[in-house]
Every structure is written in C-alpha cells, then in structure tokens.
Amino acid sequence: MRELRFDNRFVRELPGDPVSGRHVRQVHGACHSRVEPTPVRAPRLLAWAPEVAELLGLDATDVLDPRFAEVFGGNALLPGMEPYAACYGGHQFGNWAGQLGDGRAITLGEALNPQGQRWELQLKGAGPTPYSRMADGRAVLRSSIREFICSEAMHHLGVPTTRALCLVATGEQVVRDMFYDGHPRPEPGAVVCRVAPSFIRFGNFEIFASRGEEALLQQLIDFTIDRDFPELVEAEADPVVRRLRWFEEVCRRTAVLMAHWMRVGFVHGVMNTDNMSILGMTIDYGPYGWIDDFDPDWTPNTTDAGGRRYRFGHQPRIAQWNLWQLANAVYPVIQQVEPLERALAMYADVHEAENRRMTQQKLGLETWREGEGGEEGEDGALVAELHRILQAGEMDMTLFFRRLAELDVAQPDPVHVDELFGEVFYEEARRNEVAAAFQAWLARYAARLREEGVPAALRKARMDAVNPLYVPRNYLAQQAIDRAEQGDASGVVELLEVLRGPYAEQPGREAFAARRPDWARHKAGCSMLSCSS
C-alpha cells in the first residue's frame, strides 16, 4: 500500500470550499469540501475483490495487512491522500432538489496504478460531511454488501460500472428505519471502498447552472473533458466544438449503458440525476433490484411504488430525461440549442441500435429483419410477442434465455418444450394461460433459426456468452446479508466468487442459478427495498 501513488487533480485544479469542518452548510463557488473520514471503533475486513486490487497494483499481502482495514475503514490515511466530499445537486423523482453532495461518501484521492491509469478511491459510509443534511454519514452492512456484490457482478457481466475494492465492518451500530414505518432499529455498520476513473455525475454540473455560477460550470466541464475524456482533447482543438463532442459522447455512453441494463435484467431503482455517471457507468447501488419474472412495470424501490417512475421498462426513457437536464445545465456554457438537441436525438438512435443488437444476440439471430417505412418488422414483432408472453406467463427472464439456447429447432415439440422450460414458470396457472401462445412462438422462432442454418452448438455458445446463468438475484444477496449479520461473511465471499463467472456453468453451484423461491416473493430485501441504508 505504501507504493500507491496519488495525483489528486480534482482537488488540485478545481476550487474548494474555503470553510472547514463537517458541519452541514450550503457550499457556493466550490466543487468540493475537504473532510476526513470519521474513525470507527473496530474496522475489520470482510471481503475484497482481487481484480480491483490488481488494478491498483495491490496484492493479497497488501490486503491482508492489518493497516489495510484501518485505511479503508476510515481510520488512517496513506501518504498522498487528500480526502474530500464533492458538491453537486440533482433532480430527484423528477423534481429539482437543490444541493445534495457526497453526504456519506468521501473520496480519499486519485491513485495512479503502475500502468498510469487513474482510479478514484471513495469510501461510502465514512461519516458526516458538509453535505450530510440530517444524516449521520454512515452506511449499514446490508446495503454495503449489496453495493459490493453488485458492483463486481456488473463488471463481470460486461456492464459499465464503478467497482468495489473491499468491504469493511466498522464494529459499530447504525440506527435505520428500513421501511420508513416508524420502527428504527440498530444495524451493523460497514464501509465500502468504491473505485472508478471518476465519480463526477450529472448533478455536479446542475448545481452550478442552478446558481448561475457559469465560470465555475465552464471550468468543471473543461476539467472533466481534459481528465476523463482525453481522446476528445487530442481530436478537437476548438474548445466549443470539443464541449459539444463531449456531450454527444455522454449521450452515447448512457445509451449503451441502458441497453446493457435491459439485456441482463438490472433495475437501478433510483435514477435521479445525481445518480448518473458522466462516464456512462452504473453508479450508486441503492435500492436496485434484479428482474426475476419478466415485468417491465416492476420497480425495486418502495419509495417509487406509487408512480413507478424508475420501473424496469422505463429506464431508457428516464436516462434520456436526465440527459435533457444535463443539456439544460451545460447550455449556459455551450450556448447552442440545436447541437444539444441533435445529441439527445442521437441518444435514442444509439439506444435503439444497441438494444436491437443485444436482443439479436440474446436470441441467437445472425441477422435482424427490419420493417419498411417505420413498420416494426418481422423480428421486432417476434420480440414484442415474446415479451408479452414472458410477462403474461410470469416467466423467469434469466432462466428463459439460458434454456432457449438449448432449444432443438428441428423439433420444438410440446414434450421437449415442457422438459426444457418447466422451471422457468413461477405459477402453474399462468403457465397454462400462455401455453398455446408460447408453443406457437417457439415454432415461429425455430422456423426463423432454421432459415439461417447456424449449427446448434455454435448458436448455443454465442447465446450463452451474452445470456448470464448467474446474476445477483435479490434473494441471493439477502441470504448472504443474513449470514453476515450473524457474523459469517463467507456467504458474501462465496456469492462473489460465483458471480465472477456469470456465463459459464459451475458444477456444484446449481443453487445459485435457481429461480426465486416462493418464500422470497415478498420477504424484506428479496423483493422491494427502501432507500434506507
């Protein structure tokens, strides 16, 4: 750890808060406030991700050193670390919320690894900051485990994401009202070390636009381009054109990210603009959820249960809405409406193309048959009918696509179908309701594949490479949480190990690929969650 080298450009090149201390305040004219983590009673390493340690140039010797838990639990700093909390605002559930900021996340610094790559190290649950409002700056073990596991699972699924280096127990209790129902209780606390090239969000720009601090807004835009989008600096000398290219790139990356979320069945749960990464990465794993039975209207967030703004099928539209807010924020610097509108339209085009490409791969199709004159087309209609059947039949999304790769397209007879897809359905009655339509769809799909003539083994290999077998289902995470709260973190380690290889069958680990059990349908933490963490 002593060899970690820090180059903290964010605090070095951008203006900071002239006021010191952790007391809550409105911070004007500054991108960050200097604040150190609040020490905890007994930091203890529970789990760590070897691949992330390697990114930083660390190995098992470093991680197992007692000082590691001290540093990444918030009790000590390494030479070169300059901890701070960032200032940003955001739209929450469609409404402007004003100043938000890092209320419990503290960035330790920007580490440069031996390859020269820049990685911000951020502790979530590290104690109060000037942006904590009425909160204590801490995080509970259950939400920390969920963030640690899902960050790494998403990476191994091939989804752009922030990473997680380690999970550290604090030895302290944190009081939380899990369901906001007036029954708070003490829970074990923890700290996650999040890792990303940048934690800048849409809200970092929104706060300065909302306050009319245009000079600072321009400084932040240019800093972000220079540090996090160096390819744009090399390609475009004109700063105005460069800023437009940057916004276009943010739109493009966000569109690709949304297609990935839909591909694997991930539901973020709280897509506020302060939870949108400028790099097009998944960021801030709060009340997220994983689609078990296919349902475009499902949201994992109890706070969102009424309006379902952030439901699974609505995520691509919300991302575009959030990009509109970012466009409004950067307009005072860019001062050109039409290019911004073209970029936002491009978002829709890129998402449609990426979603179509990924859907084509999931179905094992060599080509995609388009319609004419804006018509849906043969394959678009095929997918629309499939989605209707999956939802009406309450079918497990992950298991369905894995089983589909095994379909004998030469003879998709009812007996074969029953054996292949029997475990995909959650309710027998719903299964019977769609039986005829499902059989008809499979016959139509099989005929489509026969026309392409791809060998069965090759098609299966291709489909298995994009359709995961192991995903961090909510109930699996909750089982690991239940054990960890009793002092046994081995469930976290085991689940992480499984999720490091989501596309390949792992003999002996079949239980991790099973559909959600009935007992988990409405169990706390296995279905919907609150923002309380």
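It should be noted that the structure appears before, not after, this text.
Values in this document were obtained by computation on a predicted structure and should not be read as measured data.

Draft legend 1. Focus on the overall build of the protein. Regarding its fold elements, the protein presents 18 helices and twelve strands. Since a compact globule built from 533 residues should have a radius of gyration of about 24 Å, the 24 Å found for the protein is in line with a globular shape. For the protein, the spread of C-alpha atoms along the three principal axes comes to 70 × 55 × 45 Å. For the protein, the proportion of its 533 residues judged to be buried stands at 59%.

Draft legend 2. Quick look at the side chain of Arg 138. Looking at the element boundaries, Arg 138 is found in the loop between strand S8 (118–124) and helix H5 (141–157). No salt bridge is formed by the buried Arg 138. Its closest oppositely charged neighbour is Glu 172, at 4.2 Å. A polar contact is formed between the side chain of Arg 138 and the backbone oxygen of Pro 39, at a distance of 3.4 Å. A polar contact is formed between the side chain of Arg 138 and the backbone oxygen of Gly 125, at a distance of 3.0 Å.

Draft legend 3. Layout of the packing of H5 against helix H18 (residues 490–499). Interaxial distance between H5 and H18 falls to 9 Å at its minimum, and their mutual angle equals 15°. Relative to H18, the element H5 is oriented roughly parallel. Relative to H18, the crossing made by H5 is right-handed. For the pair H5 and H18, the contacting residues are Ile 145, Phe 148, Ile 149, Glu 152, Ala 153 and His 156 in the first and Val 492, Leu 495, Leu 496 and Leu 499 in the second. When the residues that make up the contact of H5 with H18 are grouped by side-chain class, the tally is eight nonpolar, one polar and one charged.

Draft legend 4. Layout of the environment of Arg 194. For Arg 194, the position within the fold is in strand S10 (residues 185–196). With 160 residues separating them in the primary sequence, Arg 194 and Arg 34 have C-alpha atoms 18 Å apart. At 2.8 Å, the side chain of Arg 194 forms a polar contact with the side chain of Asp 284.

Draft legend 5. Spotlight on the nonpolar core. Counting 97 residues, the largest nonpolar core has Phe 72, Leu 165, Phe 205, Trp 246, Phe 247 and Ile 278 as the members making the most contacts within it. Not counting the four nearest positions on each side in its chain, Leu 165 is found in contact with Trp 48, Ala 49, Val 52, Ala 53, Leu 56, Phe 68, Phe 72, Phe 148, Cys 193 and Val 195. Grouped together as the second largest cluster of nonpolar side chains are 36 residues, Met 262, Trp 368, Leu 386 and Leu 420 included.

Draft legend 6. Structural context of helix H12 (residues 378–392). The end-to-end C-alpha distance of H12, which contains 15 residues, comes to 21 Å, matching closely the 21 Å that a straight helix rising 1.5 Å per residue would cover. Lining the buried residues of H12 we find helix H11 (337–363), helix H13 (397–404) and helix H15 (428–452). Taken from the residues just after H12, Glu 394 is the one with a positive phi, measuring 50°.

Draft legend 7. Region of interest: the packing of aromatic side chains. Counted by the stated rule, this structure contains 19 aromatic pairs. Arranged with centres 5.4 Å apart and planes meeting at 55°, the rings of Phe 205 and Trp 246 form a pair that is tilted. One end of the pair, Phe 205, is in helix H6 (residues 202–210); the other, Trp 246, is in helix H9 (residues 239–264), and 41 residues separate them in sequence. Owing to a relative accessible area of 0%, Phe 205 belongs among the buried residues under this scheme. A relative accessible area of 0% means that Trp 246 is categorised as buried. Centroid distance Trp 441 to Tyr 445: 5.0 Å. Interplanar angle 10°. Geometry classified as stacked. Taken together, the positions of Trp 441 and Tyr 445, both in helix H15 and four residues apart, correspond to about one turn of that helix. Comparing Trp 441 with Tyr 445, the two get one shared label, buried. The ring of Phe 401 carries Lys 362 above its face, with NZ or CZ at 4.2 Å from the centroid. Sitting over the ring of Tyr 426, Arg 516 keeps its end group 4.4 Å from the ring centre.

Draft legend 8. Structural detail: the pairing of strand S7 (residues 105–112). Judged by how many residues are buried, S7 sits mostly within the fold: eight of eight residues are covered. Pairing analysis gives two bridges linking strand S1 (residues 5–6) to S7, with the strands arranged antiparallel. Looking across to S7, one finds that Phe 6 is bridged to Ala 111. Inspection of the sheet shows S7 paired to S8 by seven bridges, in the antiparallel sense.

Draft legend 9. Summary view of the packing of helix H7 (residues 214–228) against H9. In the contact formed by H7 and H9, the axes pass within 11 Å of each other and the chain directions differ by 70°. The orientation of H7 with respect to H9, classified from their angle, is roughly perpendicular. Of H9, the residues touching H7 (which contributes Gln 218, Ile 221, Asp 222, Thr 224 and Ile 225) are Arg 242, Arg 243 and Trp 246. Across the contact of H7 with H9, the residue classes tally to three nonpolar, two polar and three charged.

Draft legend 10. Structural view of the pattern of salt bridges. In the structure shown here, the tally under the stated rule is 47 salt bridges. We note a salt bridge from Arg 403 to Glu 423, for which the minimum N-O separation is 3.4 Å. Taken together, the residues span a long stretch of sequence, with Arg 403 in helix H13 and Glu 423 in the loop between helix H14 (414–421) and H15 at a distance of 20 residues. Asp 488 is the salt-bridge partner of Arg 483, the closest N and O atoms lying 3.2 Å from each other.

So, how was this worked out
Residues numbered from 1 in each chain as written. Predicted model: local features only at pLDDT ≥ 70, side-chain atom pairs only at ≥ 80, totals over all residues. Heavy atoms only, no water. Helix = DSSP H or I, 4+ residues; strand = E, 2+ residues; numbered from the N terminus. Rg over C-alpha atoms; globule rule 2.2 N^0.38 Å. Buried < 20%, exposed > 50% of the residue type's maximum accessible area, 1.4 Å probe, protein only. Lys, Arg positive; Asp, Glu negative; His and termini not counted. Salt bridge = Lys/Arg side-chain N within 4 Å of Asp/Glu carboxyl O. Polar contact = N/O pair within 3.5 Å; in protein donor to acceptor, adjacent residues only side chain to side chain. Axes fitted to C-alpha atoms, helices over the stretch in contact; angles between N-to-C directions. Parallel < 35°, antiparallel > 145°, perpendicular 65-115°, else oblique. Left-handed = near helix turned anticlockwise from the far one by under 90°. Contact = heavy atoms within 4.5 Å. Nonpolar A, V, L, I, M, F, W, Y, C, P; charged D, E, K, R; others polar. Core = buried A, V, L, I, M, F, W, Y, C linked by side-chain atoms within 4.5 Å. Expected span 1.5 Å × (residues − 1). Phe/Tyr/Trp six-rings, centres within 6.5 Å; stacked < 30°, edge-to-face > 60°. Lys NZ or Arg CZ within 6 Å of the ring centre and 35° of its normal. Pairing = 2+ DSSP bridges.

As far as function goes, none of this settles anything; it's purely spatial.
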